[in-house]
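Listed below, chain by chain, are the residues.
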Amino acid sequence: MNKFSLYGIIIVQIALVCYSVAIITEQRKKLVSVFVLAFLTAGVLFDITATAFMILGSSRGLFTLHGILGYSSLVGMFTDAVIVWRFYRNNPDGTTVTRPVHLFSRFAYIWWIAAYVTGALLVALRHV
């Protein structure tokens, strides 16, 4: 495994932790806080970085099935971050998250986890 792929794998683990902390906190409390925003934004930044490293380290090209799944999940989480930031900006602290925002966050996270798991399985099966 080349160094770019290895860096991408390490960084995507950090993105997983950041996304998980942000989304689980928002889902349980049904509130958007600076804490949620910080972890969600960090998750997006780490995810973009990890994706760039994985592209650099890939010998299979940009448009594989997993690549498209990964890009779409990154777009979903980026869109979720934009939606959550707008919600926070337009609502005072302590405002319960609206149902559409709450559901979009959940589905974007589930889609991202699906991309994460398929990537992990592909790496594991490739090295068996």
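Everything in this summary refers to the structure shown in the same document. Please read these numbers as outputs of a predicted model, since none were measured by experiment.

Thresholds applied
Residues numbered from 1 in each chain as written. Predicted model: local features only at pLDDT ≥ 70, side-chain atom pairs only at ≥ 80, totals over all residues. Heavy atoms only, no water. Helix = DSSP H or I, 4+ residues; strand = E, 2+ residues; numbered from the N terminus. Rg over C-alpha atoms; globule rule 2.2 N^0.38 Å. Buried < 20%, exposed > 50% of the residue type's maximum accessible area, 1.4 Å probe, protein only. Contact = heavy atoms within 4.5 Å. Patch = residues over 30% accessible without salt bridge, like charges linked within 9 Å, V, L, I, M, F, W, Y side chains within 5 Å. Areas by Shrake-Rupley, 256 points an atom, 1.4 Å probe, with all protein chains shown as cover. Salt bridge = Lys/Arg side-chain N within 4 Å of Asp/Glu carboxyl O. Expected span 1.5 Å × (residues − 1).

In terms of helices and strands, the chain carries four helices and zero strands. Ordering the α and β elements of the chain from the N terminus gives α-α-α-α. In terms of overall dimensions, the chain is globule-like: its C-alpha atoms have a radius of gyration of 15 Å, near the 14 Å expected for 128 residues. Classification of the 128 residues of the chain by burial places 34% in the buried group. Within the chain, residue pairs in contact and separated by at least 24 positions form 79% of the contacts whose partners lie at least 6 positions apart.

In this section: a nonpolar patch on the surface. A surface patch of nonpolar side chains, amounting to about 740 Å² of accessible area, comprises M1, F4, L6, Y7, I10, I14, F46 and L56. Of all the secondary-structure elements, those providing two or more residues to the nonpolar patch are α1 (3-29) and α2 (34-57). The leading source of residues in the nonpolar patch is α1, at five residues. Residue placement: I10 occurs in helix α1.

A word on unusual backbone geometry. Phi at K30 is positive, roughly 60 degrees, even though this residue is not glycine. Tracing the backbone through its elements, the reader meets K30 in the loop between α1 and α2. Residue K30 is classed as partly exposed on the basis of its relative accessible area of 41%.

A few words now on the side chain of T51. On the secondary structure map, T51 appears in helix α2. On the basis of relative accessibility, which here comes to 16%, the residue T51 falls in the buried class. Every residue in contact with T51, bar those within four places of it in the chain, is listed here: Y71 and L74.

This brings us to the environment of V44. Within the fold, V44 resides in helix α2. Since its relative accessible area comes to 5%, V44 is described here as buried. For V44 and N91, which are 47 residues apart along the polypeptide, the C-alpha to C-alpha distance reads 22 Å.

A few words on helix α3 (residues 65-90). For α3, spanning 26 residues, the distance from its first C-alpha to its last is 38 Å, which sits close to the expected 38 Å at 1.5 Å a residue. Residues of α3 that are buried include every one of G67, L69, G70, S73, L74, G76, M77, D80, A81, V84 and F87, and no others.

The subject of this paragraph is the side chain of T25. Tracing the backbone through its elements, the reader meets T25 in helix α1. If sequence neighbours within four positions are ignored, T25 has contacts with S20, K30, F35 and V36.

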